[in-house]
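# Structural description and commentary
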Amino acid sequence: MADEVKRGLEGVVAATTKLSFIDGAAGILEYCGYNITDIARFATFEEVMYLLWYGRLPTQKELRAFSQKIRRERTIDSSVIRILQTCAKHIDAMDALRTAVSYLAQCDPDLSNNSAEANIRKGIRLAAKFPTIVAAFYRVKQGKKVIAPMLNLSSGANFLYMLRGTIPNEVEANAMETDFILTAEHELNASTFTTRVTVSTLSDLHSAICSGISTLKGPLHGGARAEVYKMLDKIQKPERAEAFIQRALKQGQKIMGFGHRVYKTYDPRAILFKETALALANFKKDKKWYMIATKVEDVVIKELVEKLGKPIYPNVDFYTGPVYKYLDIPSELTTAIFALGRIAGWVAHALEQYADNRLIRPNALYIGPHNLKYVPLEQR
Ligand code: ACO
């Protein structure tokens, strides 16, 4: 009987989707039929959102109109900033984001309207405000003045601008934009699955997005990025990477940023993040973080893949480590940045789930005792 339980739901097909296709053995990822490498090289994040929410690439005119709508929604109200100022300073940016989304729900004129049109309007508002919220929370925490968004900048450039107060150069802006694109969508990953479960009860989009944020936060999902970042900090020099990883493996530790439930070869997004890290390293004329990361990759491949035959390759999170180092992004923001991209996929899956809904409610195999005699409280 216990064999019937697929631990971690591994291999269980729980939904149909037109949003992304993954071939984990071949290392292929497509968004709505388009290869992720083409998407990352040629599309903008706004274009990717359009593709995922409408199921096709926009024309120039459609994209212009869509971008305009999104950019106009970037600004957050002073009441949201006050909420962020009230948040305890020790909390994670993900907690602040979840709190802000809960608050934004009550301000949304479409809150309980679950039609596709209303959900796209709500998706636009949320996706546009996510970077503003994360950057504002970070600056509030630092005791700095909150910076209003610039509407003529791309999503990636604007986010870096709101963090730093200066307009980033093209290489940095492209790196941030690529990050959002590469994390936008990934089939039934844990946070998207939770989002769909919430939608399946016919709850509202804001509640579903809160579920997604809460699930993404964990270290086995989006939280792995922060762990990769901390690992690079601990290693500090390329020549120390081998001993560090050997020691961690001997102690039975998992190496963060490696392994994946679906990919049993290189995650194509890891390859693209690696290219992004190299572009930044060359631009900054500082190869240190890139070299540490490539050394870690070599050792993990040698020890786990070549010696033990385990298919443990870099996943999407691994090369975000050097990318964020070069972008001067602190580790505490790394998971929240994941959410800035993934909101695109969460909204897309919510739209799919609402359009063809059935309550998601699996079973559990009971393994506890039966027929116990109830002992009154005073006799225990
Ligand atoms: N380092 C070392 N060994 C690993 C790693 C790793 N990163 N990942 C898996 N393994 C080993 C396990 O120890 C296990 O070995 P065993 O069979 O000898 O016991 C085997 O590979 C299978 O691992 P599971 O944890 O059972 O695989 P699962 O599919 O449940 O987990 C997961 C996938 C959670 C991603 C896992 O690889 C992991 O914990 N990686 C590190 C965290 C991480 O990077 N998470 C981000 C994932 S991508 C994302 O969410 C965006």
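Further up the page is the structure itself.
The notes below deal with the structure included here. Here the residue numbers are simple positions, counted from 1 along each chain's written sequence. Whole-chain, interface and lining totals are the exception, using all residues; otherwise, since this is a predicted model, local features are given only for residues with pLDDT of at least 70 and side-chain atom pairs are given and counted only at 80 or more. Side-chain calculation: all heavy atoms of the structure are included, whereas hydrogens and water are not.

### Concerning the site of the ligand
- Nearness is defined per residue: one heavy atom within 4 Å of the molecule or strand is enough. As a matter of local geometry, the ligand sits amid 18 residues, with Lys254, Ile255, Phe258, Arg261 and Lys310 nearest to it.
- At 2.7 Å, a side-chain N or O of Arg261 approaches an oxygen atom of the ligand.
- Asn315 has a polar side-chain atom sitting 2.9 Å from an oxygen atom of the ligand.
- Methods summary: accessible areas were calculated by the Shrake-Rupley approach with a probe of 1.4 Å, and residue burial reflects only the protein chains presented. The protein chains hide 68% of the 910 Å² of surface that the ligand would expose on its own.
- For this classification, the nonpolar set comprises Ala, Val, Leu, Ile, Met, Phe, Trp, Tyr, Cys and Pro, the charged set comprises Asp, Glu, Lys and Arg, and every other residue, Gly included, is treated as polar. Considering only residue class, the shell around the ligand consists of 9 nonpolar, 5 polar and 4 charged. Two N or O atoms form a polar contact when they lie within 3.5 Å of each other; inside protein one atom must be a possible hydrogen donor and the other a possible acceptor, and for residues adjacent in sequence the pair counts only when both atoms belong to side chains.

### Focus: a nonpolar patch on the surface
- Judged by side-chain polarity, Val5, Leu365 and Ile367 come together as a nonpolar surface patch covering roughly 280 Å² of accessible area.
- Think of it this way: any DSSP run of H or I at least four residues long counts as a helix, any run of E at least two long counts as a strand, and we number them from the N terminus. Structurally, Val5 is set in the segment before strand S1 (20-23). The patches described consist of residues with a relative accessible area above 30% and no salt bridge, like charges being joined within 9 Å and nonpolar side chains (Val, Leu, Ile, Met, Phe, Trp, Tyr) within 5 Å. Just to be clear on terms, a salt bridge is a Lys or Arg side-chain nitrogen sitting within 4 Å of an Asp or Glu carboxyl oxygen.

### Quick word on unusual backbone geometry
- Despite not being glycine, Leu9 shows a phi value in the positive range, around 55°.
- Residue placement: Leu9 occurs in the segment before S1.
- You can call Leu9 partly exposed: its relative accessible area is 42%.
- Phi at Cys32 is positive, roughly 45°, even though this residue is not glycine.
- Looking at the secondary structure, you find Cys32 in the loop between strand S2 (28-31) and strand S3 (34-35). Relative accessibility thresholds used throughout: buried, under 20% of the residue-type maximum; exposed, over 50%; partly exposed, between the two (1.4 Å probe, protein chains only).

### Things to note about the sheet that holds S1
- Paired strands, in this sense, are two strands between which DSSP finds at least two bridges. In space, the 3 strands of this open sheet follow the order S1-S2-S3, with antiparallel pairing throughout. Looking at strand neighbours, the two that pair on one side only are S1 and S3, the edges of this open sheet.
- Here S2 pairs with S3 via 2 bridges, running antiparallel. Across the sheet, the residue bridging to Glu30 is Asn35, located in S3.

### As for the environment of Leu163
- Along the chain, Leu163 turns up in helix H7 (residues 155-164).
- Spatially, the C-alpha atoms of Leu163 and Ile124 are 21 Å apart, while their sequence positions differ by 39 residues.

### A look at the pairing of S1
- Residues Ser20 and Ile22 point to one face of S1 and are all buried, whereas Phe21 and Asp23, pointing to the other face, are not buried.
- Alignment of S1 against S2, held across 4 bridges, turns out to be antiparallel. Bridge pairing in S2 links Ile22 to Leu29.
- The hairpin turn running from S1 into S2, its antiparallel successor, is 4 residues long, and Gly27 in that turn takes a positive phi close to 70°.

### Brief notes about helix H13 (residues 268-284)
- Across its 17 residues, H13 extends 25 Å between first and last C-alpha, which sits within 8% of the 24 Å expected from 1.5 Å per residue.
- Within the sequence span of H13, burial applies to Pro268, Arg269, Ala270, Leu272, Phe273, Thr276, Ala277, Leu280 and Ala281.
- Looking one or two residues beyond H13, the residue adopting positive phi is Lys285, at roughly 50°. Multiplying 1.5 Å by the residue count of a helix minus one yields the expected span of that helix.

### A word on the nonpolar core
- If you look at the biggest cluster of nonpolar residues, it comprises 113 residues, and the most contacted ones within it are Leu52, Trp53, Phe130, Ile209 and Val296.
- A per-element tally of this core places helix H16 (residues 334-355) first, with 13 residues.
- Beyond its immediate chain neighbours, meaning those up to four positions away, Trp53 contacts Phe66, Ile120, Gly123, Ile124, Ala127, Ala344, Val347, Ala348 and Leu351. Side-chain atoms within 4.5 Å link the members of a nonpolar core, which is a set of buried Ala, Val, Leu, Ile, Met, Phe, Trp, Tyr and Cys residues. Contacts are assigned to residue pairs that have any heavy atoms within 4.5 Å of one another.

### Observations concerning the pattern of salt bridges
- A full pass over the atoms with the stated rule returns 24 salt bridges.
- Of the charged contacts in the structure, one is a salt bridge between Glu332 and Lys141, with a shortest N-O distance of 3.0 Å. Highlighted residues: Glu332 in the loop between helix H15 (320-326) and H16 and Lys141 in helix H6 (residues 116-141), separated in sequence by 191 residues.
- Given a relative accessible area of 24%, Lys141 falls into the partly exposed group.
- One salt bridge in this structure joins Lys302 and Glu242, with 2.8 Å as the shortest N-O distance. With Lys302 in helix H14 (residues 288-307) and Glu242 in helix H12 (residues 241-250), this pair connects stretches of sequence that are 60 residues apart.

By themselves, these observations are geometric and do not establish any function.
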